[in-house]
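What follows is the residue order along each chain.
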Amino acid sequence: MYLTSVQARLTVLALLSATTFYCLYKSRRLRNLRISLNPNPKPSSSSSSSSSRNGKLFFISQTGTSKALARRLLDLLTSNNLAFDLVDAKDFEPEDLPKETLVLIIASTWEDGKAPPDARFFTDWLAESAEDFRVGSLLLSKCKFAVFGVGSRAYGATFNAVARDLSKRMRGLGGDEMLPVWEGDVDGGDVDGLFDAWGGKLVKLLKGDGVEDGVVLANGVSAESDAESEEESDDEEYIPESEIVDLEDIAGKGPSRRSAAVSKTNGINGTSNGKKDMVTPVIRASLEKQGYKIIGSHSGVKICRWTKSQLRGRGGCYKHSFYGIESHRCMEATPSLACANKCVFCWRHHTNPVGKSWQWKMDDPLEIVNSAIDQHTKMIKQMKGVPGVTLERLMEGLSPRHCALSLVGEPIMYPEINALVDELHRRRISTFLVTNAQFPEKIKMLKPITQLYVSVDAATKESLKAIDRPLFGDFWERFLDSLKALRDKQQRTVYRLTLVKGWNTKEVDAYFNLFSIGKPDFIEIKGVTYCGSSATSKLTMENVPWHADVKAFSEALALRSEGEYEVACEHAHSCCVLLAKTDKFKINGQWFTWIDYEKFHDLVASGRPFDSKDYMAATPSWAVFGAEEGGFDPDQLRYKKERHHNRSSQVPARPG
């Protein structure tokens, strides 16, 4: 009996102790919360007083777009005597956010709808705080805020997910949203124009010159209730009426608030009859700055450096060594500047549009071919008088005999790709078409191509997602189906592998497993090309393999195939190696990787079925793997620059 009484007393004592501890904890937490919500209004110095009055302008940026926009907004705010501090979210302590009374955020969305890695501590803190019942809904009750999103609509549901989530979390913590989220699309419209409109509206509100649905800002005269804010958020969740809309129509969640501004944008950026130009003025300016000639509303052409090189007698590209094309008579073009991937090694730095389907106005294939040849020959004519360019080679260059449909983007997205290829073949211009393995049905529908490529940038689902950053959620299934579609083609087929050191150079077995799916005639293995620093890619020179690395990888793949493939050719200057099927292209010890182009055109014109063996030609000895020329045509002169670029020399291609 006594023992039971002692146990009961101990239980009561434990409960009282726990209750006392909990009450002390809650009291301390509420006191801290009141302090954070009501910071000392009388700082000790004038400098701290000035700082406390400044709003915070945050940017969350990966490629530099949001940072640049934030700097522009800061200039606008400063010119209007509105004091703000520019802050990189990755350098800010989130615990200090409750002290802020005015916050503007320019936020980019990165992979999988998440913030860039450097800013995830900031966004995660907000998300966790909003979900933590212990924090409550008053943490940011003294904070007014606005968010502008920067993203790509091509990524579907994750478009500007970070900006929308920031808005939701800050409202959940009691923040007072001055403007609903405006959403800029870097691939689909005039982000600059939209951002300027948002910034102008924001400045008016901050200066007290404008009222946003009953909210007067800066002077704090009135504010909408939390209930109204929540109701507004639900009602204004924007669903586009159609897949093809102008950027200003889709940019914000409250189209009714900008109906007047939207009406002014009708007809810009080439929009007509519900369709718009693929190439917006912003994209056009960016590509033209890089030397592209834009054709119509969605195509492009550019002169290759190897075209210039062979015009000067200084050597051709690897396709000259592997397949016998004349580099000075090659036209590099595409009928679709849009792509369904955003590869980390994209040498166009993602200045081209992206999309998962054809959404734009469509130009006539005959007009595209005519314009491409016209623009190409104009660029060839500009080589007249350049040292080394002979009249004979110049005249040959003015009559292109080959078209590499691999300039940029995804050529088979163009709905009339077969008609375009037919027109090229009718003019006896051969075709090398490269696809990024995301449109298997398009591959199946293709008519005979001189040589059809599939980019195989990685051998596993995880590495393919990391390297290609595809738009499609079912990218891996599309990739495998594309390889299967390639297997059914009767003409020459190629896997094109781009080796990125530290990313995919260890996947020999996984790559080999893909051989049996597509059964390609050839496998091109090329080291990634470093295109200079770019915020869109984290690649450095450390990721660029040496030619010796590429050769070793190629030999390991050939060995793994147990004789089905052998290393046939190399082009040391391009850091590129070719594997070829031995049962097709190695006859009595002689390689036949080159193409009889005239025979190919005759076969196409005949309309009869034919396969890759019907138009092959012998490979010259200098192009064969292991030759001392390293794939450099001895009829050309090798041009070498000294490391410090202070002098140059011409030497014969053959060493010694």
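It should be noted that the structure appears before, not after, this text.
How each quantity is defined
- Residues numbered from 1 in each chain as written.
- Predicted model: local features only at pLDDT ≥ 70, side-chain atom pairs only at ≥ 80, totals over all residues.
- Heavy atoms only, no water.
- Helix = DSSP H or I, 4+ residues; strand = E, 2+ residues; numbered from the N terminus.
- Buried < 20%, exposed > 50% of the residue type's maximum accessible area, 1.4 Å probe, protein only.
- Contact = heavy atoms within 4.5 Å.
- Pairing = 2+ DSSP bridges.
- Axes fitted to C-alpha atoms, helices over the stretch in contact; angles between N-to-C directions.
- Expected span 1.5 Å × (residues − 1).
- Disulfide = S-S within 2.5 Å.
- Polar contact = N/O pair within 3.5 Å; in protein donor to acceptor, adjacent residues only side chain to side chain.

**Student:** Can you help me understand the overall build of the protein chain in this one?
**Tutor:** Across its full length, the protein chain holds 22 helices and 24 strands. When each of the 656 residues of the protein chain is scored for burial, the buried share is 52%. Within the protein chain, counting contacts between residues at least 6 apart in sequence, those at least 24 apart form 73% of the total.

**Student:** Help me understand unusual backbone geometry, please; the structure alone is not making it clear to me.
**Tutor:** When glycine is set aside, most residues are seen to have a negative phi, and most peptide bonds are trans. At C575, a position not held by glycine, the phi torsion is positive, near 55 degrees. Along the chain, C575 falls in the loop between β17 (565-571) and β18 (576-581). Phi angles above zero are rare outside glycine, and N588 is one such case at about 50 degrees. Turning to its location among the elements, N588 is positioned in the loop between β19 (586-587) and β20 (590-591). The exposure class of N588 is exposed, given its relative accessible area of 82%.

**Student:** Would you take a moment to explain the sheet that holds strand β16 (residues 522-527) for this structure?
**Tutor:** One key point about sheets: their strands pair by backbone hydrogen bonds, in either a parallel or an antiparallel sense. The strand order across the open sheet built from ten strands is β9-β10-β11-β12-β13-β14-β15-β16-β18-β17, with neighbouring strands paired in mixed fashion. For this open sheet the edge positions go to β9 (293-295) and β17, each flanked by a neighbour on one side alone. Between one strand and the next, the sheet's axes are offset by a mean angle of 25 degrees, whatever the strand orientation. Where β9 meets strand β10 (residues 299-302), three bridges bridge the pair, whose relative direction is antiparallel. Across the sheet, residue I295 finds its bridge partner in β10, namely S299. Helix α19 (residues 508-518) rests against β15 (492-499), β16 and β17 of the sheet, and its axis sits at about 160 degrees to β15.

**Student:** What exactly am I supposed to notice about the environment of T493 here?
**Tutor:** Mapping T493 onto the fold places it in strand β15. Residue T493 is classed as buried on the basis of its relative accessible area of 3%. Residues T493 and I449, spaced 44 residues apart in sequence, show a C-alpha to C-alpha distance of 9.0 Å.

**Student:** Sorry, what's going on with helix α3 (residues 65-79) here?
**Tutor:** Because an α-helix completes one turn every 3.6 residues, residues spaced three or four positions apart along the sequence face the same direction. For α3, with 15 residues, the first-to-last C-alpha span of 22 Å sits near the 21 Å given by 1.5 Å per residue. Directly after α3, the chain includes N81, whose backbone phi takes a positive value near 60 degrees.

**Student:** Just checking my understanding: could you explain the state of the cysteines for this structure?
**Tutor:** Every disulfide links exactly two cysteines, by a covalent bond between their sulfur atoms. Considering all chains together, one arrives at zero disulfides under this definition. With no disulfide partner, C304 has as its closest neighbouring cysteine sulfur the one in C317, 6.3 Å distant. In this structure C304 comes out as partly exposed when scored by relative accessible area, which is 24%.

**Student:** So what exactly am I meant to see when it comes to the side chain of S108 here?
**Tutor:** Structurally, S108 is set in strand β3 (residues 102-108). Taking the relative accessible area as the measure of exposure, S108 reaches 8% and is therefore buried. A distance of 2.4 Å separates a polar atom in the side chain of S108 from a polar atom in the side chain of S66. Discounting residues that sit within four places of it in the chain, S108 has contacts with I60, S61, S66, A115, P116, V150 and V162.

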